[in-house]
Amino acid sequence: MTPSDDEQHPSQESDSRHPRRGLSRRSMLGGLAAAGVGAAAVPLVAGCDHHAADGPPGYGTGIADGFDGKIALDVRDSTPDWKPFETKKAPEGAPNVLVVLYDDTGMAAWSPYGGRIEMPVMQRLADNGLTYTQWHTTALCSPTRSCFLTGRNHHVNRFASIAEGTTGFPGSAGRLPAQCATVGQVLQDNGYSTFWLGKDHNVPLEDVSGGGSRAEWPLQKGFDRFYGFLGGETNQWYPALVEDNNFIEQPATPEQGYHLSKDLADKAIRMLRDQRSSNPSKPWFLWFCPGANHAPHHTPTDYADKYKGKFDDGYEAYRDWVLARMIGKGIMPQGTALTPINPLPQDVALAADAVRPWNTLNADEKKLFARMAEVYAGFSEFTDAQVGRIIEFLEHSGQLDNTIVFYCADNGASGEGSPNGSVNENKFFNGYPDDLAENMKYLNKLGTPDTYNHYPTGWATAFSTPFQMFKRYSQFSGGTCDPMVVHWPKGIKAKGQIRHQYHHAVDVVPTILDVVGIPMPKEYRGVKQYPLNGVSMRYSFDDAQAATTRKRQYYAMLGTRGIWADGWKASALHAPISGRGHFDQDRWELFHVDADRSESANVADKYPDKLKELIAAWDEEARDNFVLPLDDRTAVEILVVERPQTEPPRTRYLYYPDAAPVPEGVSANIRARSYKIIGNVELQSGAQGVIFSQGSRFGGHALFLAGGALHYVYNFLGIAPIQDFVAPAPASGKHSLGMEFVREKAGPYGESLGTTTLYIDDHPVATGPMRAQSGTFGLSGEGLCVGYATGDPVSPQVPNPSAFTGGTVQVVIIDVSPESFLDLQREAAVALAKD
C-alpha cells in the first residue's frame, strides 16, 4: 500500500538541505572544535576565537561526525581518522547482479520454454538455474522498466504508459518521484559499481535533447556509466546513441559489421574489464537492455537463414506444437487448454489486432509472414549470442559463480505489426495501414537496413501461447506472462528446476536487495520513501513447493485492466488504444488461474461473488496506486498530445549547423499543420549537400543540393515513390532556399494532404500535391540536422557524404505561423543582407 494523499508527490527538489552551506569561518572553527580539538588546543588562526562545541544546530552531523582522531595546530601533533570519510563497502560476499531484459517476447517464443527460437545461452543458464512460469509484467515497456528500477508499481512511478504517452496526472507524469529511489542509487551508495547498457525508455520526451534536463537520465538515477539509446526503439543498424550524458555517433557502419546488439555487448565487456582491472573486489550491477526483440527486427541475414522453413506451418500450427512442448517440459500443467486466436467479442475487438487465419492466406502472404518470423527468430538468437559473450567473460574471469543473473523480457509479444505485418513499423504509430503488395517487394530484404520490419499479429498470438492476446493487453497473460530465468550457482542449490510461484516485475528489486543484503532505505536524500510494492523471490530459490508470497497484483494499461489475487483473475473486456471509453460499461470475466493457467474458461457466472470481490480489490488498488484516470485513446492521439516544454511555445524555430541532431520530441512540430522551411545559405560554384534533414528512409524530409539541383523531398512512411520537388540550383552568392506546405485537408487515415511549393529566394520554382505524416517520423531515431544528415538518409538522392560543401549554411528556420512564405523570405533576405 502507498502512503496517504498528503505524502503523494512532493517536489523532486525537496532535497535542498546542505548543512555546510553558508557557514561562517567562525562557525566552521567551532565545528572543528566539537570534532575533537580539546580545550588545550590552540586556535587554528591567530586571533580567532575558539569554541568547543558552539557550531550551528546540526553541524555535529556534518563533515566531522564520528571523527575519532585528534586535531591540533600542527598536523605532526594530530591523528587522522579516515572512517567518517570512507565510501561504503558492499556487504562481504555480496554477489554481482546481471539483469538481461529483452523487449516484446512472449513466453512461448524461446527454447527454454519449449519454443522454436533457439536460445543456447539462456538454455544453459536455465539448465543450471531456475525457470519461472508465472512471472508477470505490466504489458508495456516503459512501465515495466520503471518497476525494474524502483520495485514500485508503475503508476506509483508515474509511468501509466510509455514515456511518450504521459498525460499529466499523478500516475502518468513520466518522471520518477523522489519517493522512489532506484536500485541503482541504493546499490551505488552501498559500494556497487552500476552500469546500464541499451534501452532507456524512462526519460521524458522533452528531456531527450542536447540542451534538455539530465535529471531522469541514467547517470542521475544511480548509474556510473550508460551506453545505449533513449526511447522506445531505435534502428539496430543506425541507432541514435548516447554515452553517459552525451549524444554520440555510432562507431561503425553496417557495411563494417556494425549491429547494436554486438556493440552493446562490446561496451558491457569493456566496462566489466575496466572494473576487473581497477576494482576487482567491488561488486557490480549491470542492466543489459538490448533493442531485441522490439521492432525493427534487424538481424544479420545468416541468423535469419538458420530458420528457413521452420515457420512455414503457420502460427496456428505453431500454437498446437508449442503448447504440447510446454506441457511436456512442465512449463504448463497437463490439461492446459488453448485459447482462440481471436478471443475478444466483436464489439470489443480491434480490427488492427485481429489475426488472419493461416488457411485464408495466399501463397505470397504465407511466404512473407513466415520470413518475418524467421527474421524475428534470428534477431533473438543473435542477441542471445551477444549475451553469451558477456557470460563467457564472467566465466573466464571467475565471476560467474557469484553473479546472480535475471534473464527475462518486459512484456508479451508485440501485435504492433497489424494483421498483415509491416516493413515499416512506424506506420502503426501513424495510424496508417500496411499494403501487402508493397511489403512483398521487401521479402528478401527483411531484417536488413532497407526495412523497419515487424511480423503480423498472428505471430504475436503464437509466441504468447497459450494465452489470449499479446502486448498492451494487461488483463490477459498474453500481455503480461513472460520468460524469467534466474541463475546464481553460489546462492541457488537447485539446478535445472521450474518454479510456478506467481511473481511480477516489481519483485526483482526486492530480490536483488535481499540477496545483496541491503535494505531499501526508508528515507533517501531527505525524502521519505514509498514502501516497495514488490516482494523478494528468494524464498522460492530452493523450495519448489513454497507458497506464493504475493497476495494480489493489479494491472492497467492503455484502457485495459485486470487483477490477480490468490489464484483468481478478473479481466475487463476492453481493447487498448481503442478510443471507445465508457469504462463504466465494461464487462468483466473471471478465471480460476490455479486450475486454468491459460485463462480459457470464463467462470464469472459460476462465481459472481468472487468476481465482485476482485473488482472491488481492483478499485482499491487503483485508489492506492494513482491508476486513474483510465486512457484508451488511439496511439496517434496520445503521441501527438502537446506536453509541457522547457522552452516557451513559439511558432518559429531557428536551427544552426555544427550541432547535434535535435530529437523530434523537442523540435518544431509540423504534424497535421501547414509549415515553412527556409535556409539562409551562401553558395560557391558546385555547392552540394544537406541544408536540412529530419528522419530517415522510413519517414522524414530534407532540403538539399545535389547534382546541380535544389531538392525538397518528403518521404511518407518509406512508401515509394519519395515525393520530390526539384529545380535547378541557383548561382553562387547569398540565397534563401526553402519550401512551404499548405495543408488543405486530412486523408482517410488522418494524414495531411495539401500543396508544397519550392522557393529560391522569393521565386516559386516547383509546386505540386503532397501528403505528410500525422504522427512522428519515429519513436527514437534520426533527429533534425542542419548542414548534414545522420547515417540513414531520408532519400537515396541525398549526397553521400551528406555534409554541405562549397559554401555555408548560416541558419535554418522552421515556421508554423499563419504568415506566408514570402513574409518569412523577406525577413530572411534582410538577415542575409546584414550578414
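Predicted model, so just to flag it, every value in this text is computed and none were measured.

A. Just the overall build of the protein chain, in detail. For the protein chain, the count of helices and strands is 16 helices and 28 strands. The C-alpha atoms of the protein chain give a radius of gyration of 29 Å, which matches the 28 Å a tight globule of 835 residues would have. With respect to the three principal axes, the spread of C-alpha positions in the protein chain is 90 × 80 × 55 Å. Evaluated residue by residue, the protein chain yields a buried proportion of 60% over its 835 residues. In the protein chain, once contacts between residues fewer than 6 apart in sequence are set aside, the share between residues at least 24 apart is 74%.

B. Spotlight on the state of the cysteines. Taken as a whole, this structure holds zero disulfides when the rule is applied. Not engaged in a disulfide, the cysteine Cys289 finds its nearest cysteine sulfur in Cys408; these two sulfurs lie 8.9 Å apart. Free of any disulfide, Cys481 has its nearest neighbouring cysteine sulfur in Cys408, separated by 13 Å. By relative accessible area, which is 3% here, Cys481 ends up buried.

C. Representation of the sheet that holds strand E8 (residues 284-289) within the structure. Taken in spatial order, the ten strands of this open sheet run E7-E6-E5-E4-E8-E1-E9-E10-E2-E11, and their pairing is mixed. Only two strands of the sheet have a single neighbouring strand rather than two, namely strand E7 (246-248) and strand E11 (497-499). Recorded for the sheet is a direction-independent mean angle of 20 degrees between the axes of neighbouring strands. The pairing of strand E4 (residues 193-200) with strand E5 (residues 225-230) spans six bridges and is classified as parallel. By the bridge assignment, Lys199 is partnered in E5 with Phe229.

D. Expanded view of the side chain of Thr383. Note that Thr383 resides in helix H8 (residues 363-396). Take Thr383: its relative accessible area is 0%, and that puts it in the buried class. Polar side-chain contacts of Thr383 include one of 2.9 Å to the backbone oxygen of Phe379.

E. A look at helix H7 (residues 315-329). Taking 1.5 Å of rise per residue, the 15 residues of H7 would be expected to cover 21 Å, and the 21 Å separating its terminal C-alpha atoms lies within 8% of that figure. Along H7, the residues that are buried comprise Tyr315, Tyr318, Arg319, Val322, Leu323, Met326 and Ile327. Summarising the axial view, the buried residues of H7 lie within an arc of 155 degrees, below the 170-degree limit, and thus occupy one face. Pointing more than 90 degrees away from the buried face of H7 are the exposed residues Ala324 and Gly328. Residues of H7 that are buried sit in contact with H8 and helix H11 (457-463). Positive phi appears at Gly330, one or two residues downstream of H7, with a value of about 85 degrees.

F. Just the sheet that holds strand E15 (residues 552-557), in detail. The antiparallel open sheet is built from four strands, whose spatial order is E15-E16-E17-E18. The two strands at the open ends of the sheet, each matched to only one other strand, are E15 and strand E18 (588-592). Ignoring strand direction, the axes of neighbouring strands in this sheet form an average angle of 15 degrees. Two elements, strand E17 (residues 568-572) and E18, share five bridges in a ladder whose sense is antiparallel. Counted as the bridge partner of Trp568 is His592 from E18.

G. Representation of the packing of aromatic side chains in the model. Per the stated rule, a full pass over the model turns up 38 aromatic pairs. Between the aromatic rings of Trp135 and Phe148, the centroid separation amounts to 5.9 Å while the plane-to-plane angle is 75 degrees, which identifies the pairing as edge-to-face. On the criterion of sequence distance, the pair formed by Trp135 in strand E3 (residues 135-136) and Phe148 in helix H3 (residues 141-150) is long-range, its members being 13 residues apart. A single burial state applies to Trp135 and to Phe148, both of which are buried. Plain terms: the ring middles of Phe470 and Tyr473 are 5.7 Å apart, the flat faces sit at 90 degrees to each other, and that makes the pair edge-to-face. Overall, Tyr473 belongs to the buried group, its relative accessible area being 0%. One aromatic cluster is present, formed by Tyr307, Phe311, Tyr315, Tyr318, Trp321, Trp358, Tyr376, Tyr455, Trp459 and Phe463 through successive ring pairs.

H. Fine view of the side chain of Asp103. Within the secondary structure layout, Asp103 lies in the loop between strand E1 (96-102) and helix H2 (120-127). Taking relative accessible area as the criterion, Asp103 reaches 0% and is therefore assigned buried. Among residues more than four places away in sequence, those in contact with Asp103 are Cys141, Arg145, Lys199, Gly232, Gly291, Ala292, Asn293, His294, Asp410 and Asn411.

I. Up close: H2. Looking only at H2, the buried set comprises Val121, Met122, Leu125 and Ala126. Along the long axis of H2, the arc covered by the buried residues comes to 140 degrees, so they all point the same way. Against strand E2 (130-132), H8, strand E9 (403-409) and strand E10 (484-487) lie the buried residues of H2.

J. View of the environment of Gly398. Turning to its location among the elements, Gly398 is positioned in the loop between H8 and E9. Along the sequence, Gly398 and Lys495 sit 97 residues apart, while their C-alpha atoms lie 20 Å from each other.

K. Local environment of the pairing of strand E21 (residues 699-706). Counting buried residues in E21 gives eight out of eight residues, a clear majority hidden from the surface. Covered by surrounding structure in E21 are Gly699, His701, Leu703 and Leu705 together with Gly700, Ala702, Phe704 and Ala706, the residues of both alternating faces. The pairing of strand E20 (residues 675-696) with E21 spans seven bridges and is classified as antiparallel. Directly across from Gln694, in E21, lies its bridge partner His701. In textbook terms, the turn of a hairpin is the stretch between consecutive antiparallel strands, and for E20 and E21 this stretch comprises two residues. Bridge count between E21 and strand E22 (residues 709-715): seven bridges; the pairing is antiparallel. Bridge pairing links Phe704 to His711 in E22. Connecting the antiparallel pair E21 and E22 is a turn made up of two residues, with Gly707 showing a positive phi of about 60 degrees.

L. The arrangement of unusual backbone geometry in detail. Between Leu628 and the following residue, Pro629, the backbone shows a cis peptide bond with an omega angle of 5 degrees. Of note, Pro629 is situated in the loop between helix H14 (608-624) and helix H15 (635-639). In this model, Asn800 is joined to Pro801 through a cis peptide bond whose omega is 5 degrees. Along the chain, the position of Pro801 falls in the loop between strand E27 (784-786) and strand E28 (805-815). Notably, Ala139 is not glycine yet its phi reads approximately 90 degrees, a positive angle.

M. Looking closely at the environment of Asn625. Structurally, Asn625 is set in the loop between H14 and H15. Each C-alpha atom of the pair Asn625 and Gly679 lies 50 Å from the other, and the pair is 54 residues apart in sequence.

N. Highlighting the nonpolar core. The biggest cluster of nonpolar side chains holds 93 residues, and the ones touching the most others in it are Leu98, Ile117, Phe288, Tyr407, Trp459 and Phe463. The element that contributes the greatest number of residues to this core is H8, accounting for 14 residues. Ala90, Leu149, Ala181 and Leu513 belong to the second-largest nonpolar core, a separate cluster that totals 51 residues.

O. Fine view of the packing of H2 against H8. One can describe the packing of H2 onto H8 by two numbers: an axis separation of 7 Å at closest approach and a directional angle of 50 degrees. Here H2 is positioned oblique relative to H8, judged by the angle of their axes. Contacts between H2 and H8 involve Pro120, Val121, Met122, Arg124 and Leu125 from the former and Glu381, Asp384, Val387, Gly388, Ile391 and Glu395 from the latter. Residues that form the contact of H2 with H8 fall into these classes: six nonpolar, one polar and four charged.

Cut-offs used in this document
Residues numbered from 1 in each chain as written. Predicted model: local features only at pLDDT ≥ 70, side-chain atom pairs only at ≥ 80, totals over all residues. Heavy atoms only, no water. Helix = DSSP H or I, 4+ residues; strand = E, 2+ residues; numbered from the N terminus. Rg over C-alpha atoms; globule rule 2.2 N^0.38 Å. Buried < 20%, exposed > 50% of the residue type's maximum accessible area, 1.4 Å probe, protein only. Contact = heavy atoms within 4.5 Å. Disulfide = S-S within 2.5 Å. Pairing = 2+ DSSP bridges. Axes fitted to C-alpha atoms, helices over the stretch in contact; angles between N-to-C directions. Polar contact = N/O pair within 3.5 Å; in protein donor to acceptor, adjacent residues only side chain to side chain. Expected span 1.5 Å × (residues − 1). Arc of directions from axis to C-beta. Phe/Tyr/Trp six-rings, centres within 6.5 Å; stacked < 30°, edge-to-face > 60°. Core = buried A, V, L, I, M, F, W, Y, C linked by side-chain atoms within 4.5 Å. Parallel < 35°, antiparallel > 145°, perpendicular 65-115°, else oblique. Nonpolar A, V, L, I, M, F, W, Y, C, P; charged D, E, K, R; others polar.

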